[in-house]
Amino acid sequence: MDRGKDIREAVIKYSDTLYKVCIVILCNEQDVQDAIQDTFCRYLEKRPQFHDAEHEKAWLIRVATNICRDMIRFRIRHPKVSIDEVENTLAAPEQKEILRELLELPMKQRTVIYLHYVEGYQVKEIADILGIKEGAVKVRLMRGRRQMRELLV
Amino acid sequence: MDGYEVKKVMDQIHISEKMKEDIIINMQNKVEGGKKRTWNVRRMAATAAAFVAAAGILSFPVRAAVSSLVKERMESVPKAQMTELNNMVQSQPVLADGFSREFTQKEWARFKELHQAYENGTFPEGVIAQADDAAAAPKGTLCYIRATSFFNLPAQEMTDEEMLQIIDFQNKMAYAVANGPQAKAAAAEQAAQNAQGK
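Residues numbered from 1 in each chain as written. Chains lettered and ligands numbered in written order. Predicted model: local features only at pLDDT ≥ 70, side-chain atom pairs only at ≥ 80, totals over all residues.

Quick word on the overall build of chain B
Which entries qualify depends on this criterion: Elements are defined by DSSP. Helices are runs of H or I of four residues or more, strands are runs of E of two residues or more, and each kind is numbered from the N terminus. Whether a residue is buried, exposed or partly exposed is read from the other C-beta atoms within 10 Å of its own C-beta, which are placed from the backbone; 20 or more gives buried, 12 or fewer gives exposed, and intermediate counts give partly exposed. A pair of residues counts as a contact when their C-beta atoms, built from backbone coordinates, are separated by no more than 7 Å.
Tallying secondary structure elements over chain B gives 8 helices and 4 strands in all. When the helices and strands of chain B are placed in sequence order, the string is α-α-α-α-α-β-α-β-β-β-α-α. Put simply, chain B has 198 residues, and 29% of those count as buried. Taking contacts inside chain B between residues at least 6 apart in sequence as the whole, the part at least 24 apart equals 66%.

Thoughts on the overall build of chain A
A count of helical and extended segments in chain A gives 8 helices and 0 strands. What you see in chain A, going N to C, is helices and strands ordered as α-α-α-α-α-α-α-α. The proportion of buried residues among the 153 residues of chain A is 41%. Long-range pairs, those at least 24 residues apart, make up 66% of the contacts in chain A between residues at least 6 apart in sequence.

So, helix α5 (residues 79-91) of chain B
Given 3.6 residues per turn, any residue in an α-helix points the same way as the ones three and four places further on. Going by this rule: An expected span of 1.5 Å times one less than the residue number is assigned to each helix.
Compared with the 18 Å implied by 1.5 Å per residue over 13 residues, the 18 Å span of α5(B) between its first and last C-alpha is a close match. Of the surrounding elements, those touching the buried residues of α5(B) are α7 (160-178) of chain B.

Overview of the packing of α5(B) against α7(B)
All names here are of chain B. To keep things clear, this is the line we draw: The axes are straight lines fitted to the C-alpha atoms, using for helices just the contacting stretch, and the angles between their N-to-C directions are given from 0 to 180°. Roughly parallel means an angle under 35 degrees; roughly antiparallel, over 145; roughly perpendicular, 65 to 115; everything else is oblique. Residues are grouped as follows: Ala, Val, Leu, Ile, Met, Phe, Trp, Tyr, Cys and Pro are nonpolar; Asp, Glu, Lys and Arg are charged; every other residue, Gly included, is polar.
Running from amino to carboxyl end, α5 crosses α7 at an angle of 90 degrees, the nearest separation of the two axes being 8 Å. Compared by their axis directions, α5 and α7 come out roughly perpendicular. Between α5 and α7, the residues in contact are Met82, Leu85, Asn86 and Val89 and Lys172, Met173, Tyr175, Ala176 and Val177, respectively. A breakdown of the residues in the contact of α5 with α7 according to their chemical character gives 7 nonpolar, 1 polar and 1 charged.

Some words on the sheet that holds strand β4 (residues 150-152) of chain B
Residue and element names in this part refer to chain B. Note the following rule: A pair of strands is considered paired only if DSSP assigns at least 2 bridges between the two.
On the basis of which strands lie adjacent, the open sheet formed by 4 strands has the order β1-β4-β3-β2 and mixed pairing. Unpaired on one side and paired on the other, β1 (98-99) and β2 (130-131) mark the two borders of the sheet. Bridge count for strand β3 (residues 143-145) against β4 is 3 bridges, and the pairing is antiparallel. Its bridge partner being in β4, Cys143 is matched across the sheet by Asn152.

Some details on the confidence of the model for chain B
Residue and element names in this part refer to chain B. Stated formally: The quantity called pLDDT is the predictor's confidence in a given residue, expressed from 0 to 100.
Averaged over every residue, the pLDDT of chain B is 75; residues scoring 70 or more account for 72%. The lowest-confidence element of chain B is helix α3 (residues 41-50), averaging 39 in pLDDT; the highest-confidence one is β2, averaging 92. In the predicted structure, residues 34-64 sits below a pLDDT of 50 and forms 70 contacts with residues beyond four places in sequence or in another chain.

Some points on the packing of helix α5 (residues 93-104) of chain A against helix α1 (residues 3-10) of chain B
Running from amino to carboxyl end, α5(A) crosses α1(B) at an angle of 105 degrees, the nearest separation of the two axes being 10 Å. Considering their axes alone, α5(A) and α1(B) lie roughly perpendicular with respect to each other. Residues A:Gln95, A:Ile98, A:Leu99 and A:Leu102 of α5(A) lie in contact with α1(B), whose contacting residues are B:Glu5, B:Val6 and B:Val9. Among the residues forming the contact of α5(A) with α1(B), the class breakdown is 5 nonpolar, 1 polar and 1 charged.

Looking at unusual backbone geometry
Residue and element names in this part refer to chain A. Of note, Cys27 is a non-glycine position whose phi angle comes to about 55 degrees, a positive value. Here Cys27 is to be found in the loop between α1 (3-26) and α2 (29-46). Exposure remark for Cys27: the 20 C-beta atoms within 10 Å place this residue in the buried category.

A few points about the environment of A:Val86
Considering the arrangement of structural elements, one finds A:Val86 in helix α4 (residues 84-87). The spacing of A:Val86 and A:Ile23 is 63 residues in sequence and 9.2 Å in space, taken between C-alpha atoms. When sequence neighbours within four positions are dropped, the list of residues in contact with A:Val86 reads A:Ile23, A:Glu29 and B:Ile13.

A closer look at the nonpolar core
Where we set the bar: Structurally, a nonpolar core is described as a collection of buried Ala, Val, Leu, Ile, Met, Phe, Trp, Tyr and Cys residues joined by way of C-beta atoms within 7 Å. Start and end points for every domain follow an automatic or database-based domain assignment.
With 48 residues, the main nonpolar core has A:Cys22, A:Leu26, A:Ala35, A:Ile36 and A:Ala64 as its most contacted residues. Among the elements that line this core, the one with the most residues is α1(A), at 11 residues. Looking at which domains feed residues into this core, each of domain 1 (1-81) and domain 2 (88-153) of chain A gives three or more. Residues within four places of A:Ala35 in sequence aside, it is in contact with A:Cys22, A:Leu26, A:Ala64, A:Ile67, A:Cys68 and A:Met71. In terms of nonpolar packing, the next biggest core, distinct from the first, is built from 16 residues, B:Cys143, B:Tyr144, B:Met163 and B:Ile166 among them.

Topic: α2(A)
Residues and elements named next belong to chain A. With 18 residues, α2 extends 26 Å from end C-alpha to end C-alpha; this agrees with the ideal 26 Å at 1.5 Å per step. For α2, the tally of buried residues reaches 14 of 18 residues, placing the bulk of the element in the interior. A positive phi of about 45 degrees marks Arg47, the residue just after α2.

Spelled out as structure tokens, the structure:
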């Protein structure tokens with residue numbers, strides 16, 4: 001088993017998804033790289049057995065969200081810098097507005113909004129990934145949607 | 001707003017090739033057993049600036065400088081101990097501390113109060129217990145695992161002393177890294193980039 005090749009393939013395959021998850025939670029590109037790197041470190045250390053690619057992806061997302069949560073709580077983080085570079089990849093002003101509104105939601109809500117609408121996970125899957133009850137997922141989804149509707153009016 | 005508009009927006013956002021490549025290089029170094037740790041240059045500069053280190057990197061907003069009381073405490077730690085702490089952090093495979101359980105709401109509220117008290121000179125009486133690895137760590141008591149940067153927390157709610165020991169140790173690690181040779185090299189690199197107007 002070539003671990004170097006395995007980890008390279010995993011980074012190529014999943015780093016884009018993990019980047020999006022982490023940028024939504026952390027809103028800071030410098031912390032995002034640390035979070036992604038730590039996620040792959042755990043991947044190397046734990047070496048879990050996966051049923052399939054979906055299982056592997058969900059595991060990585062779960063680890064990344066836990067790492068991001070711990071970073072928010074416990075680490076000396078980077079000063080909050082603007083995400084202009086991320087915004088600048090979006091062509092239309094209204095899309096920049098949507099991104100800004102998403103990132104202004106409370107962390108718990110925007111995480112669930114992202115996992116549902118962008119990654120396509122259903123309530124039960126999101127509950128498993130985040131380690132919370134299905135009812136909590138539904139509440140966060142509902143509140144996030146309502147708040148975004150209000151913010152964009 | 002249709003929630004699916006969020007997907008359309010996020011589908012246009014991607015990790016940069018540079019970040020991806022940096023991650024691949026760092027992970028391959030780890031697999032090959034390399035002890036060198038490639039720090040994000042801007043993160044090291046930010047940490048150094050937070051401790052008002054000699055790097056002189058003040059070209060971006062930083063968090064409030066550490067209090068003079070904390071700085072004095074850090075400077076009173078023997079240099080050999082700081083070097084050892086920096087070397088330990090550099091050799092760890094992770095970049096974020098782990099915790100054996102979540103803080104309770106009460107602990108979290110108290111932890112934030114104690115962070116402030118620490119800045120004002122409230123320091124722990126003792127130092128945190130440490131173990132080289134998980135196998136050597138005593139069960140059920142506060143202990144820091146050096147190999148994995150992991151805090152074993154007691155099952156019961158932590159005392160103020162235990163939380164202050166965590167805060168103190170994290171500050172010492174940050175100070176050790178901010179003043180270590182890798183941080184100085186990173187800060188010099190950042191200064192060169194700033195000078196080029198990047």
